[in-house]
Amino acid sequence: MAAQAKIEATPLGAGQEIGRSCVLVTLGGYRVLLDCGIHTAFTDNRCFPRFELLLDGDAPGGAQDGCAGGGVGGTSSAGSLPPGGTAEGGPSKYAHCVDAVFVTHYHLDHIGALPHLVSVLGYRGPIYMTSATRAIAQTMLLDYRHVMVERKHSKAIMYTEQDVLFSLSNVRTVALHETLRLGEGQDLEVTPYYAGHVLGAVMLHLQVFLPDRMKESSIK
Ligand SMILES: [Zn+2]
């Protein structure tokens, strides 16, 4: 029987609460982020997942071990959230700090922090979701911003409409039961399955084929 390689999951939010769902999973040398939500009860930085853990060398496969995309650099320091991290055009430490982001469904506690991760922190890797989630996500994010503006929660307005559109412009859609093969060796397989809950929602099966053909998997 083949041995199971190590799989680690680090909640960046939602560990003991509802809101800001975001889990860093490392398996077979890959780092993927599952969901990127906001906590709607907060109007300051506590509404975001603890993205600084993506750069923490103590985190599984952290930046000190080298992010898989190799795009580590820039001006921000680990443990801080650099406002406008890429506005000056320089590379961000977050640009390729994970290999991919997968979004399970369009609720704000699963997508609300995407504009912050992409447009403010500077993540430039792929983002995957179903076409239904993609279609509704834009309305959800723009509406959330609109509500925050109306309520004058100025501290919560951490992204603009342009940030929303930009963060979704790089989304790649995936169909149910479609297996994505990612990584240099095409050895990271991700397959979404029907999850109920809301239109377009999925659970994800992640699987990595290691060189010795050992296999490890994780289901969310
Ligand atoms: Zn939900």
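What this report covers is the structure whose coordinates are included nearby. One numbering rule holds for all chains: residues counted from 1, following each sequence as written. Given that the model is predicted, a residue must reach a pLDDT of at least 70 before its local features are reported, and side-chain atom pairs must reach 80 or more before they are shown or counted; all residues, however, enter totals for whole chains, interfaces and linings.

## Concerning the pairing of strand β9 (residues 202-209)
Working definition of burial: number of other C-beta atoms within 10 Å of the residue's own, with buried at 20 or more, exposed at 12 or fewer, and partly exposed in between, all C-beta atoms being placed from the backbone. The numbering of helices and of strands both runs from the N terminus, where a helix is a DSSP run of H or I of at least 4 residues and a strand a run of E of at least 2. Along β9, the buried face is formed by Val202, Leu204, Leu206 and Val208; none of Met203, His205, Gln207 and Phe209, which line the opposite face, is buried. Each pair of strands is called paired provided DSSP finds at least two bridges between the two strands. Of the pairings in the sheet, the one linking strand β8 (residues 188-194) to β9 comprises seven bridges and is antiparallel in character. By the bridge assignment for β9, Thr191 is matched with His205.

## Quick look at helix α3 (residues 131-150)
Here a helix's expected span is defined as the number of its residues, less one, multiplied by 1.5 Å. Between its first and last C-alpha atoms α3 spans 29 Å; for 20 residues at 1.5 Å apiece the expected length is 28 Å, and the two agree. To get the bend at a residue, fit one axis to the 7 residues ending there and another to the 7 starting there, then take the angle between the axes. Along α3, the sharpest change in direction is near 25 degrees and occurs at Ala137. For α3, the full list of buried residues reads Thr133, Arg134, Ala137, Leu141, Tyr144 and Arg145. Working definition of a contact: two residues with C-beta atoms, positioned from the backbone, lying within 7 Å. Of the surrounding elements, those touching the buried residues of α3 are α1 (108-111), α2 (114-120), β5 (127-129), α4 (161-169) and β6 (171-173). Lys152, located one to two residues past α3, shows a positive phi value of around 55 degrees.

## Description of the environment of Val120
Along the polypeptide, Val120 turns up in helix α2. Since 25 C-beta atoms lie within 10 Å of it, Val120 is described here as buried. On a C-alpha basis, the gap between Val120 and Ser167 in space is 9.6 Å, while along the polypeptide they are 47 residues apart.

## Digging into the sheet that holds strand β3 (residues 30-34)
As summarised here, the arrangement of the six strands in space is β1-β2-β3-β4-β5-β6, forming an open sheet in which the pairing is mixed. Strands at the two margins of the open sheet, each flanked by one partner only, are β1 (7-13) and β6. For this sheet, the mean inter-axis angle between neighbouring strands, taken without regard to orientation, is 25 degrees. Where strand β4 (residues 100-102) and β5 come together, two bridges link them in parallel fashion. Residue pairing for β5: Val101 is matched across the bridge by Ile127. With axes taken as lines fitted to C-alpha atoms, and helix axes fitted only over the stretch in contact, angles between N-to-C directions fall between 0 and 180 degrees.

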